[in-house]
Amino acid sequence: REKDDKYKIRMPKLRMVKEYKDKRKSIDDVERNIFKFKKNSEEKSRKREKEEKIFRETFMYDKDISVINTATAECTVPSERRVDLPITAGEPLDVIDVTEGRAVICRNSEGRYGYVLVDHLNFR
């Protein structure tokens, strides 16, 4: 028995350098963030579909939704009615359809739809 212990190879415990551990953790976090991004994009697409469905029901809109033009809001305007789109100054908007009068149907970056007066928009 003593001879066996004598010739037994002992492997030292390998210790990781702290910097390497931190680097490895950050790589793992990046990989995890990729999966979170996919989950968030799925949630956003579901939310956009829901907003589109509400828009079609509210406005009785049966045409294809296509962006005619883009504009930026010149001033902040709260919504007075349910069909009006609240806008903030400098917010980019997609113009979906032109209506009779001074209002146009717009979509904001969150995917919400509503009427916006042409007077509040800048088409540059």
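Structure shown above.
On a predicted model such as this, the values are computed, not experimentally measured, just so you know.

Student: What's the story with the packing of aromatic side chains in this structure? I'm lost.
Tutor: Describing an aromatic ring pair means giving the distance of the ring centres and the angle of the ring planes. According to the stated counting rule, one finds four aromatic pairs in the structure shown. Residues F55 and F59 carry aromatic rings whose centres are separated by 5.0 Å and whose planes lie at 45° to one another, so their mutual orientation is tilted. Residue F55 and its partner F59 are located together in helix α2 (residues 18–59), separated by four residues, close to a single helical turn. Exposure class is identical for F55 and F59. Each is buried. Here F55 and Y113 contribute two aromatic rings whose centre-to-centre distance is 4.3 Å and whose plane-to-plane angle is 20°, an arrangement assigned as stacked. You can see F55 sitting in helix α2 and its partner Y113 sitting in strand β4 (residues 113–117), a full 58 residues away along the chain. Here the aromatic cluster, defined as three or more aromatic residues joined through ring pairs, consists of F55, F59, Y61, Y113 and Y115.

Analysis parameters
Just so you know, the residues in each chain are numbered from 1, in the order the chain's sequence is written. It should be noted that, the model being predicted, local features are given only for residues of pLDDT at least 70 and side-chain atom pairs only at 80 or more, the latter also being counted only at that level, while totals for whole chains, interfaces and linings use all residues. Side-chain descriptors were evaluated using all non-hydrogen atoms of the structure, hydrogens and water having been removed beforehand. Only rings of Phe, Tyr and Trp enter the pairing, Trp through its six-membered ring, and a pair is recorded when the two centres are within 6.5 Å. The plane angle decides the type: under 30 degrees is stacked, over 60 is edge-to-face, the rest tilted. The helix and strand labels rest on DSSP assignments: H or I over at least four residues marks a helix, E over at least two residues marks a strand, and numbering proceeds from the N terminus. Note on classification: 1.4 Å probe, protein chains only; a residue is buried when its accessible area is under 20% of the maximum for its type, exposed when over 50%, partly exposed between these limits.

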